[in-house]
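Residue-level structure breakdown
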Amino acid sequence: MKEKTRVREVLAAPAAGARYVVKGWVRTVRVGKEVAFIALNDGSCLASLQVVATPALANYEEVSRSGTGAALEVSGTLAASPAAGQRYELQAEEITITGAADEAYPLQKKRHSFEYLRTIAHLRPRSNTFGAVFRVRSSLAQAIHRFFAERGFLYVHTPIITASDCEGAGELFRVTTLDLAHPPLVAGEVDYAGDFFGQATGLTVSGQLEGELFAMAFSDIYTFGPTFRAENSNTSRHAAEFWMIEPEIAFADLAADAALAEEFFRYLCRHVLDHCGEDLAFFNEHIDRGLIERIGNVADSAFAMMEYSEAVERLKRAPVAFEFPVEWGLDLQAEHERYLTEQVVGGPVFIVNYPKEIKAFYMRQNDDGRTVAAMDLLVPKVGEIIGGSQREERLDLLTTRMEEVGIAPADLWWYLDTRRWGSCPHAGFGLGFERLIMYLTGMENIRDVIPFPRTPRHAEF
Ligand code: 4AD
Ligand code: MG
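Cut-offs used in this document
Residues numbered from 1 in each chain as written. Chains lettered and ligands numbered in written order. Predicted model: local features only at pLDDT ≥ 70, side-chain atom pairs only at ≥ 80, totals over all residues. Heavy atoms only, no water. Helix = DSSP H or I, 4+ residues; strand = E, 2+ residues; numbered from the N terminus. Buried < 20%, exposed > 50% of the residue type's maximum accessible area, 1.4 Å probe, protein only. Contact = heavy atoms within 4.5 Å. Lys, Arg positive; Asp, Glu negative; His and termini not counted. Charge placed at Lys NZ, Arg CZ, Asp CG, Glu CD. Near = heavy atom within 4 Å. Polar contact = N/O pair within 3.5 Å; in protein donor to acceptor, adjacent residues only side chain to side chain. Nonpolar A, V, L, I, M, F, W, Y, C, P; charged D, E, K, R; others polar. Pairing = 2+ DSSP bridges. Salt bridge = Lys/Arg side-chain N within 4 Å of Asp/Glu carboxyl O.

1. Considerations on the overall build of the chain
In terms of helices and strands, the chain carries 13 helices and 18 strands. Expressed as a percentage of its 461 residues, the buried residues of the chain come to 51%. Across the chain, the fraction of contacts at a sequence separation of at least 24, relative to all contacts at a separation of at least 6, is 66%. One finds the centroid of the 46 positive side-chain charges in the chain at a distance of 7 Å from the centroid of its 64 negative side-chain charges.

2. Brief notes about the site of ligand 1
Around ligand 1, a shell composed of 24 residues is seen, among which Glu167, Gln208, Arg229, Glu246 and Glu384 lie nearest. At a separation of 2.7 Å, a nitrogen atom of ligand 1 approaches a polar side-chain atom of glutamate 246. At 3.3 Å from an oxygen atom of ligand 1 is found a main-chain nitrogen or oxygen belonging to glycine 432. For the shell around ligand 1, the elements supplying multiple residues, two or more each, are strand S13 (241-250), strand S17 (383-390) and strand S18 (426-432). By residue class, the composition of the shell around ligand 1 is eight nonpolar, eight polar and eight charged.

3. Observations regarding helix H5 (residues 208-218)
In an α-helix, one turn spans 3.6 residues; hence positions three or four apart end up facing the same way. Along H5, the positions that sit buried rather than exposed are Gln208, Leu209, Glu210, Gly211, Glu212 and Ala215. Of the surrounding elements, those touching the buried residues of H5 are strand S7 (161-162), strand S12 (220-228), S13, helix H12 (413-420) and S18. Positive phi appears at serine 219, one or two residues downstream of H5, with a value of about 75 degrees.

4. Quick word on the pairing of strand S15 (residues 349-355)
Walk down a regular strand and you will see the side chains alternate between the two sheet faces. Burial analysis of S15 places seven of its seven residues in the buried class, the great majority of the element. Here strand S14 (residues 304-307) pairs with S15 via four bridges, running parallel. The partner of alanine 304 across the bridge, within S15, is valine 349. Of the strand pairs in this sheet, S15 and strand S16 (residues 371-379) are connected by six bridges, and their pairing is antiparallel. The partner of proline 355 across the bridge, within S16, is threonine 371.

5. Observations regarding the pattern of salt bridges
Inspection of every chain in the model, using the stated rule, returns 27 salt bridges. Two residues, glutamate 93 and arginine 19, come together in a salt bridge whose shortest N-O distance is 2.5 Å. Remark: arginine 19 occurs in strand S1 (residues 19-32) and glutamate 93 occurs in strand S5 (residues 88-99); sequence separation between them is 74 residues. For glutamate 93, a relative accessible area of 41% corresponds to the partly exposed category. For arginine 19, a relative accessible area of 58% gives the class exposed.

6. As for the sheet that holds strand S8 (residues 174-175)
The antiparallel open sheet is built from three strands, whose spatial order is S7-S11-S8. Two strands close off the open sheet at either side, each with one partner strand: S7 and S8. With two bridges connecting them, S8 and strand S11 (residues 201-203) associate as antiparallel partners. Within the sheet, the bridge partner assigned to valine 175 lies in S11 and is threonine 201.

7. Focus: unusual backbone geometry
In this structure, glutamate 34 is a non-glycine residue whose phi angle is positive, near 60 degrees. Note on placement: glutamate 34 falls in the loop between S1 and strand S2 (35-41). A relative accessible area of 59% places glutamate 34 in the exposed class. The phi dihedral of arginine 457 is positive, around 70 degrees, even though this residue is not glycine. Mapped onto the fold, arginine 457 is located in the segment after helix H13 (433-441). Residue arginine 457 is classed as exposed on the basis of its relative accessible area, which comes to 83%.

This is a description of form; function is not addressed.
Structure (structure tokens):
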């Protein structure tokens, strides 16, 4: 096979007269008199390369009929383009059609709705919007690793199959090899003693608990992996399978945790501005006008911080009729989060010190006896994007709290051991990767920023 050059490289440093082999998929074909113009895209960048075919090609007839979606290998010479629309074009000397595509190919030129494109999730990566989404997603994943590597964090792979429900919300997907038609029963309950792991297990909802164990050895660690929640909420920001980045830092309090979250978030804003310019310009023009300006502002400015109690006061005073009630002690709903970040603050805001009743068992209890050292970062358009806390490092308080909320300390003996030996103040947070991508692209539905979304009743491909 001839060695190819990616379209991105051809366009990055175009040299008229240079010979290239490019390989990709036809976006459009325009047939003129004795000439065909083919827009060829190989996914390396948003732009397609204009390929010019003439009857000098042995298979010109076939090439000029090759439709949108066909795969071509083209050898040719780069030349300045006389026509508007592109500066360079590839004058083809040889074209091989490796895979034809006929009119039944679903991604013809016209604009499709995102709803329709979800039904062809196997083909949508070949569209402009999804090409841009998944390039940004890939670039961000690498930037995340770089951020932590630059700061000496250890990357730890926490397990996907687990016996503990970290968040305690009962959203674990069950993992079992039991015969579901004839499960072993003891007193009417499924007996997991005979199951593969000898106990009930599920898919992890968070790598935090295991992450904490590693922070107690390596000081600063992070996880970046898939998490699963059997949460039957059909919203535009919840998926049953999503990716989460969870740093955990030892010898750190809530203030240090928030400082890390802010530095991290602003780093990622700066990253897309500096490295994903072409795709961002596309989103700014077609998806969300003002996107680039908004990201630029966030990259350059300090984040606000507000006590939960103050947030509740602000919401009560708001001249808005919320669907859900606002009362000290109740959790904030998406509509409340968005009001706070969009109307009250006009930018990212940390809400800190939530009532202990609405937060997970592991959060550190504040001296007031009714709140915990929790923080959520809220951002415009998305709402909660980061959730984190300082952890309860005091064995007695942690054990008592677990008993209060009905978690048997014996089941998490290994977690409690970190408080028995060498305990220290520590903190961490989780950033939802898909929500980050939504925020940085302006895409409004989580189903459109993950390659193959898993949501209630949807797992076909
Ligand atoms: O607030 P959450 O539930 O926090 C935790 O899981 C902690 N263990 C994190 C930690 O302290 N290490 O989830 C963290 C973030 C949320 O802020 C949100 O961005 C995202 O994960 N998230 C989801 N994203 C998509 N779909 C869902 N169903 C999500 N649930 C949470
Ligand atoms: Mg949360």
